[in-house]
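# Inside the fold
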Amino acid sequence: RARVPKRAATPAATKKAKPADAPKPRSQKKSGTRGDALPASISPQLATLVDKVPGDDGWVYELKYDGVRLLCRCDGDDVRCISRNGIDWTHKVGPVVEALAQQKLSGAWVDGELIVTDPNGRSDFSLLQHILEQGRVEELQFCAFDLLYWNGEDLRELPLSQRKARLEAAFSKL
């Protein structure tokens with residue numbers, strides 16, 4: 001079986017996260033966009049399990065990470081990391097928040113996976129849990145794989161290849 005990304009998910013067709021929306025931006029916010037340009041919450045675009053891998057052009061095959069899916073709302077120095085179920089992880093992933101804040105992304109939602117790698121370089125969910133329990137947050141890694149908003153623009157209708165190109169441009173300073 002293969003996991004294939006869903007295509008052409010529209011904002012209206014996307015389900016809202018279950019438990020809660022992202023927390024409200026801090027009032028001491030120093031930079032970023034304001035107003036309705038960036039939604040407070042967003043749902044991830046999920047893969048679909050299929051019996052056969054598509055053979056036609058236009059499909060991208062990506063590694064499946066063994067971690068926690070995070071949607072990161074970045075608006076200048078105000079960064080929130082929300083799980084795919086709507087749970088706020090911002091306080092648990094300080095180094096990820098700091099690294100994203102340093103990028104000064106304006107009006108962005110970055111989709112990715114929070115992981116820890118084993119000595120062989122493979123992501124390992126049980127190791128991630130262990131690292132979090134021990135408070136060794138400096139070992140956390142965030143693998144960004146999609147850019148859903150950037151500069152307040154909703155990119156979800158764009159082809160994945162264009163979103164990935166913008167993701168690369170957004171992080172070109174690294």
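As the structure is a prediction and not an experimental result, all values here were calculated from the model.

Reading the values: the criteria
- Residues numbered from 1 in each chain as written.
- Predicted model: local features only at pLDDT ≥ 70, side-chain atom pairs only at ≥ 80, totals over all residues.
- Heavy atoms only, no water.
- Buried < 20%, exposed > 50% of the residue type's maximum accessible area, 1.4 Å probe, protein only.
- Helix = DSSP H or I, 4+ residues; strand = E, 2+ residues; numbered from the N terminus.
- Pairing = 2+ DSSP bridges.
- Contact = heavy atoms within 4.5 Å.
- Polar contact = N/O pair within 3.5 Å; in protein donor to acceptor, adjacent residues only side chain to side chain.
- Phe/Tyr/Trp six-rings, centres within 6.5 Å; stacked < 30°, edge-to-face > 60°.
- Lys NZ or Arg CZ within 6 Å of the ring centre and 35° of its normal.
- Salt bridge = Lys/Arg side-chain N within 4 Å of Asp/Glu carboxyl O.

A large share of strand β6 (residues 141-150) lies buried, amounting to 7 of its 10 residues. Pairing geometry for strand β5 (residues 108-115) and β6, over 7 bridges, is antiparallel. Paired with W109 across the strands is Y149, a residue of β6. Sheet topology places β6 next to strand β7 (residues 153-154); 2 bridges connect them, and they run antiparallel. Bridging across to β7, W150 finds its partner in E153. Between the antiparallel neighbours β6 and β7 lie 2 residues, among them N151 with a positive phi of about 55°.

Its location among the elements puts D124 in the loop between β5 and α2 (125-134). The class for D124 is partly exposed, based on a relative accessible area of 22%. Residues D124 and Y65 lie 59 residues apart in sequence; the distance between their C-alpha atoms is 8.1 Å. Beyond its immediate chain neighbours, meaning those up to four positions away, D124 contacts D66 and V116. Only 2.8 Å separates the side chain of D124 from the side chain of S126, close enough to count as a polar contact.

With that settled, the discussion passes to the packing of aromatic side chains. Considering all chains together, one arrives at 0 aromatic pairs under this definition. Sitting over the face of the ring of W89, K92 holds its NZ or CZ atom 4.3 Å from the ring centroid.

Here the focus is the side chain of R69. Among the secondary structure elements, R69 is positioned in strand β3 (residues 68-75). Polar contacts involving the side chain of R69 include one to the main-chain carbonyl oxygen of Q45, which spans 2.9 Å. A polar contact is formed between the side chain of R69 and the side chain of D111, at a distance of 2.6 Å. Excluding residues that lie within four positions of it along the chain, R69 makes contacts with P44, Q45, L46, I82, S83, R84, D111, G112, E113 and F145.

Let us now look at the pattern of salt bridges. The tally for this structure, following the rule as stated, stands at 8 salt bridges. A salt bridge links D78 to R80, with the shortest nitrogen-to-oxygen separation between them at 3.6 Å. Since its relative accessible area comes to 1%, D78 is described here as buried. Between D154 and R156 there is a salt bridge; the shortest N-O distance is 2.8 Å.

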